[in-house]
Structure formats: structure tokens, C-alpha cells
Amino acid sequence: MQQFLQKLKTQPVVSGTSTGQAFWHSTEELIDTHSPVDGELMARVHPTTRDDYDKVVQTAEKAFAEWRTIPAPRRGEMVRQIGEQFRRYKKELGTLVSYEMGKSLQEGLGEVQEIIDICDFAVGLSRQLYGLTMQSERPDHRMYEQWHPLGVVGIISAFNFPVAVWSWNAMIAWVCGNVCIWKPSEKTPLTALACQQIILDVLVQNDLPEGVSCLITGGSEAGSWLCTDPRIALVSATGSTRMGKVVARTVAGRLGRYLLELGGNNAIIVSSHADLNVAIPAIVFGAVGTAGQRCTSTRRLIIHESIYEDVKQRLVRAYGQLRIGNPLDEKVHVGPLIDRDAVAAYQSALFKIKEQGGRMLIDGEVLEGPGFGSGCYVRPAIAEMPAQTEIVQHETFAPILYLMKYATLEEAIDLQNGVPQGLSSSIFTLNLREAEQFLSAAGSDCGIANVNIGTSGAEIGGAFGGEKESGGGRESGSDAWRAYMRRQTNTINYGTALPLAQGIKFEL
Ligand code: NAD
């Protein structure tokens, strides 16, 4: 990683790469990338210009014409080799993720592991893109469906999972026969450039068409090019609900396809039947992991009144043991927020909590002094809050946990569902009836509902995504691949007559 960072320091990074064989230069102002860990300037990145963007799309379209004709298992073989590359560079890339984004080294390495895992999944999937066979009502007819690739897939990703989310999309999109244009967050462009470099050898050695994997850099404007462009068959966008609403409107306006993975406001219900030795670490990891900057971070804790005081005390004790500091130090639990804007949003939320009748159990503060020079380190906070307050209804992307009480499970489920978002949820209980009620159609309304594990830390094998303002999209495992393909229904007449469906007669 040192070599990579050294190179970045000495020359501005050029965006708009495809396989890396061609680099398009831009004349725009540079994007300065600072590490939230120590505030250091890591690199200056050229944002992609509109002209460059058009060249990238043309190259991608050309690549698609060839890539779609390669048999899916052969495409899977490319993805297998890509997975091997990420195994080779796991430590370096994981470290860069941690340094550029600020999450703990363990989580940075975990993100790269997710890439490796989704590569393995996609390789198997490349032989399982199944369609159904149907029984035709007409004699001598065969009816079946097959799945074809869509074309150019645009991937817009958020800063908090700077590499994993791209891979959930790209690996699946590739085995399905699509080509990809990735627009990473303007806050984390370097990890994206590193990924492109890591897979370069595979693309070049296999003589793949330039444009199978494209990268453009820049902010919301670059993202909006993908949304308005009819050449982009699918826009898969991960980020805030605010962004998702704009993307949905824009892409729907041209009847394009979109897949949205947006904000969460995730709750854990702690029942009187919970094993608190399992629940407490899960709650703390969910609330403070990645400094509360996961879409699946635990933001609300709905606790049975009979154990409320006990849970409260245990949480305060656990928070007292948290080590906050440089995320590259393996003993540290909580790293920095992404930037000073995020710190300002955290401070504003703390102000609103007090204004809206909340009671701080652990007050938040911005940390200062040695090791906190970037100005992005904050203390994780806990507040007792009335459920219906405005601030509780929103996702604040910071380590703030709201506590509330319940008496009956129905009441707890109503509280859990009573927010505009519907991403992740869980219940801690050893009572089978409660667990099943929580998972039933009358239970959690979220895309993810867990029992005796927290809200964050999903595995790639399941379809990932949420309901309501969390976007409704599904990515990664299970049958999420279908979003990256178009279904074609085929009927073949191998007889000598032309019988019509529904028994309709048409005789000449
Ligand atoms: P953000 O919405 O500010 O930006 C996300 C991406 O969208 C960036 O690449 C940005 O440049 C782009 N963008 C912004 N406005 C756009 C527009 N109008 N058109 C096209 N592109 C646009 O989000 P962020 O601060 O980077 O990430 C945090 C948010 O992402 C949180 O709300 C979090 O919950 C959510 N998130 C969701 C998931 C999920 O899978 N559900 C995963 C990670 C993050």
C-alpha cells in the first residue's frame, strides 16, 4: 500500500480508466482526498469530465457487444481469477479502506473478504442462471424462459462501504454478461482506483475487451450522468434516501431500470426472554461499529420494561470500555467519522435530542488532543428518547443510540416498524413464539429480520436490501442476480399446424 500511496502523493490521479489500458485526462479542478484518520492529504484526483464520460460509455458499449457472447461459465472463470487477485491483495486493500474511510482495520479486511466471497458465489452462479420451462397449452409447442444480460450497468456507491458494495454489483453483473461503469463516492475514490488496478492483470491477461470494467470519478453530477443516460440499462445506486429519491425519479423518467440500497433506521427489540450476554455485545457492535456509519447500524433499542434498567446499566458499562482512536490500531473499537460535515451532523443531532425531550445517558462530544487531529473523532452517545420524535425518525449517520421501553411484543413491533425506513431489524429472545411472531407477516417490515444476532453484518449469500425508504432493491446473494438480467419468454412451434392460444380460431 505504501508504494501506491507514495505514487498518489507525487502525481494527480487520472480518472476515467477502463481496463487501465487507456486513461482519459481531464482539465477539471482536482478532488482532494484527506484521510479521516489523521487528516493527511492522501491524493488529488481528477474528476471525470462529461466528454471523458461519453468515451467511457462508448468503450463500455463496445465491450458489451463482445462480453455478452462469452459463455457465462467462462465469464465466471474471469471472476474466479479476480477473486484470487483480491486474496493476494487483501491486507493492502483492507488497510487502504481503513485509512481512506476510517473504519477499523478488521472491518476494512472484512470488506475485502466480502469481495472474495461474492466472487466465489458469482463463479458458482455463472453455471446456474436458470430459467423455467412451462407446459404449453398448444400441441407440438415448447415454452420456456431464458435470461439475457441487460447491457451497461452503472454502479453508484456510498463512502461507508467503499469497495464491498461495488463487488456485490459488479461480480454478479459480470457473470450475467453485463459490463459495468462504477462511480464511487467522491469521499473514497482511492480504494476504487486500487480495485481497478488489482483486477487489471486479469482483464489484460485474458485479453478482455477494454470497457468491461470502467471507473468514473466525481460527485453527484457524475452520478446524474448515469441516471439520465439511456445507454445505461440499469443504475444500481447505494447511498442516502435523499439521493435515492432523485435517482428513482430520474431513471424512471426515461423508463430505465434502477436498484436502490438506501438509508436505514434499524432497531433491536430486547425481550424479557433475551440472553443479555449475547445481546449486549451485539447491540454495542451494531451501534458503534464503523462509528455508526453502516446502513445497518443499530440506531434504536426497544427494551422490555422489566429489564430496561438492567440493560441500561450494562450498556453504560460496556460503552465505558470502548477505545476510540486510530482504526489501524487493532485494539481500537471506534474510528473517526468520514469528515467534518459528518461531525457537524452528529452535533446537530445531539442538539435536537435535547431539544426534543431526550435524556442523555452518555453524552456525545467531539474529541480533541493527540491522535484526534483530524477533528473527526466523536464519542458514541446513548439517549433515552420518546419514539415519535422527529430526530428518531431520521437516520443520523453517527454513533447515537436511542433507548425506548415497551410492555407487549405488539407494541415493540409497532415501534420497530414505526419509521419511514425498513432495512434491518432484530429481536433478542429465547422464546420461540416471540421469535416467530417477529418474523411473521405481522412482524418486522424490514428487508432483513434477525433473531439473536444484531442488525449489522450480513452475509453475502442472502439477498441484501430493505423496504420503504430503504429503497426496495436486493443485491448480492440468493436470486438477486435477476435484477441484472432481462427475462425472455420463448415459445417454439415444432408442429405442422398453427393452433392459437385460448382456442381462438383464425382461418383463411
Ligand atoms: P450519498 O447519498 O451522499 O452519496 C452516495 C453516492 O451517491 C455517492 O457516490 C454520490 O456521489 C452519489 N450521489 C449523490 N447525489 C446524487 C444524485 N443526485 N444523482 C446521482 N448520484 C448521486 O450517501 P453517502 O453519505 O455516501 O453514504 C451514506 C448513506 O448511504 C447512508 O444513508 C447509508 O445508510 C446509505 N447506505 C446504504 C446501503 C444499503 O445497502 N442500503 C449501504 C451503504 C450505505
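Enquirer: Just to check I follow, could you spell out the pattern of salt bridges for this structure?
Expert: All chains considered together, the criterion is met by 23 salt bridges. Ionic pairing is found between aspartate 339 and lysine 187, a salt bridge with its closest N-O pair at 3.6 Å. On the criterion of sequence distance, the pair formed by aspartate 339 in the loop between helix H11 (308–320) and helix H12 (340–355) and lysine 187 in the loop between strand E6 (179–183) and helix H7 (189–205) is long-range, its members being 152 residues apart. Classification of aspartate 339 as buried rests on a relative accessible area of 19%. Across the pair glutamate 384 and lysine 312 runs a salt bridge whose closest N-O atoms are separated by 3.3 Å. Here the residue glutamate 384 occupies a position in strand E13 (residues 381–384), and lysine 312 occupies one in helix H11, the gap between them amounting to 72 residues.

Enquirer: Is there a simple way to explain helix H13 (residues 409–417) in this structure?
Expert: At 3.6 residues per turn, the α-helix brings residues three or four places apart onto the same side. Along H13, the residues that are buried comprise Leu409, Ala412, Ile413, Leu415, Gln416 and Asn417. Here the buried face of H13 lies against strand E10 (266–270), strand E11 (298–304), strand E14 (400–406), strand E16 (424–428), helix H14 (432–439) and strand E19 (467–468).

Enquirer: Hey, could you run me through unusual backbone geometry in this one?
Expert: Both trends apply: most residues other than glycine have a negative phi, and most peptide bonds are in trans. The phi dihedral of leucine 255 falls on the positive side, at around 55°, and the residue is not glycine. Secondary-structure assignment places leucine 255 in the loop between helix H9 (241–253) and strand E9 (257–261). Owing to a relative accessible area of 79%, leucine 255 belongs among the exposed residues under this scheme. Phi at lysine 468 is positive, roughly 50°, even though this residue is not glycine. When you line up the elements, lysine 468 lands in strand E19. On the accessibility criterion, lysine 468 (39% relative accessible area) is partly exposed.

Enquirer: Can you help me understand the site of the ligand in this one?
Expert: Not every one of the 29 residues close to the ligand is listed here, only the nearest: Ser157, Glu186, Ser240, Leu262 and Glu395. The separation between an oxygen atom of the ligand and a polar main-chain atom of serine 157 is 2.8 Å. When isolated, the ligand has an accessible area of 840 Å², and the protein chains bury 91% of it. Those elements giving two or more residues to the shell around the ligand turn out to be helix H8 (220–228) and H9. Per element, the largest residue contribution to the shell around the ligand is 4 residues, and it comes from H9. Of the residues in the shell around the ligand, the class split is 12 nonpolar, 12 polar and 5 charged. The residues that make up the shell around the ligand include at least three from each of domain 1 (2–262 + 471–488) and domain 2 (266–462).

Enquirer: Would you explain the nonpolar core in this entry?
Expert: In summary, soluble globular proteins display a tendency toward joint burial of nonpolar side chains. Phe86, Met171 and Trp174 are the most contacted members of the largest nonpolar core, which totals 154 residues. Of all the elements, helix H6 (residues 164–175) adds the most residues to this core, at 10 residues. Three or more residues apiece are contributed to this core by two domains, here domain 1 (2–262 + 471–488) and domain 2 (266–462). Dropping the residues within four chain positions of it, phenylalanine 86 is found in contact with Leu93, Val112, Ile115, Ile116, Trp166, Met171, Cys195, Ile198 and Ile199.

Enquirer: Explanation requested: empty space enclosed by the protein in the structure shown.
Expert: Unoccupied space between atoms shows up once a probe the size of one water molecule is rolled over them. Tallied over the full model, the rule gives 1 cavity of 30 Å³ or more. Considering only enclosed or pocket space, the largest cavity measures out at about 30 Å³ in volume. Of all the secondary structure elements, the ones that give two or more residues to the lining of the largest cavity are E10 and strand E15 (421–422). For the lining of the largest cavity, the residue count by class is 4 nonpolar, 6 polar and 1 charged.

Enquirer: Would you take a moment to explain the confidence of the model for the protein for this structure?
Expert: Low pLDDT means the predicted atomic positions in that stretch should not be read closely. On average, residues of the protein carry a pLDDT of 94, and 94% of them reach 70 or more. Long-range and interchain partners of residues 16–22, a stretch whose pLDDT sits below 50, account for 31 contacts in this model, where long-range means more than four residues apart.

Enquirer: Just to check I follow, could you spell out the sheet that holds strand E21 (residues 485–493) for this structure?
Expert: Strand order in the open sheet made by the 3 strands is E3-E4-E21, with antiparallel pairing throughout. Each of the sheet's edge strands pairs with one partner strand only, and the pair in question is strand E3 (133–134) and E21. Taken together, the 2 bridges between E3 and strand E4 (residues 141–149) define a ladder with antiparallel strand orientation. Its bridge partner being in E4, threonine 133 is matched across the sheet by tyrosine 144.

Enquirer: Sorry, what's going on with the state of the cysteines here?
Expert: One way to say it: the disulfide is the covalent bond shared by the sulfur atoms of two cysteines. Per the stated rule, a full pass over the model turns up 0 disulfides. For cysteine 119, which is in no disulfide, the shortest distance to another cysteine sulfur is to cysteine 195 and amounts to 10 Å. Cysteine 180 provides the cysteine sulfur closest to cysteine 176, a residue in no disulfide bond, and the two sulfurs are 9.8 Å apart.

About the thresholds
Residue positions are given per chain, counting from 1 as you read along its sequence in written order. In view of the model being predicted, local features appear only for residues whose pLDDT reaches at least 70, and side-chain atom pairs are presented and counted only at 80 or more, with totals across whole chains, interfaces and linings using the full set of residues. Computation of side-chain values: all heavy atoms of the structure, hydrogens and water removed. Throughout this description, the term salt bridge denotes a Lys or Arg side-chain nitrogen within 4 Å of a carboxyl oxygen of Asp or Glu. A helix here means a DSSP run of H or I that spans at least four residues, while a strand means a run of E at least two residues long, and both kinds are numbered starting from the N terminus. Categorising residues by exposure relies on relative accessible area from a 1.4 Å probe, with only protein chains included: less than 20% of the type maximum marks a residue as buried, more than 50% marks it as exposed, and the intermediate range marks it as partly exposed. Residues count as neighbours in contact if any of their non-hydrogen atoms are within 4.5 Å of one another. For each residue, the test is whether any non-hydrogen atom lies within 4 Å of the molecule or strand; if one does, the residue is near. Under the rule applied, a polar contact is a pair of N or O atoms within 3.5 Å (in protein, one hydrogen donor and one hydrogen acceptor; residues adjacent in sequence only if both atoms are side-chain atoms). Values of accessible area rely on a 1.4 Å probe in the Shrake-Rupley scheme; residue burial ignores everything except the protein chains shown. Side-chain classes are defined by residue name, with Ala, Val, Leu, Ile, Met, Phe, Trp, Tyr, Cys and Pro counting as nonpolar, Asp, Glu, Lys and Arg as charged, and the others, Gly among them, as polar. Note that domain bounds follow an automatic or database assignment of domains. Nine residue types can take part in a nonpolar core, namely buried Ala, Val, Leu, Ile, Met, Phe, Trp, Tyr and Cys, and a core is a set of them joined through side-chain atoms within 4.5 Å. Any residue with an atom within 4 Å of a point lines the site, the site being either a cavity, points on a 1 Å grid over the protein atoms alone where a 1.4 Å probe fits but cannot get out, or a pocket, an open set with protein on both sides within 12 Å along at least 5 of 7 lines. Grid points are joined across faces, edges and corners, and a volume is the space filled by probe spheres set on the points. Confidence scores per residue from the predictor, reported as pLDDT, run from 0 to 100. Only strands joined by at least two bridges in the DSSP assignment are considered to pair. Pairs of cysteine sulfur atoms within 2.5 Å are what we label disulfides.

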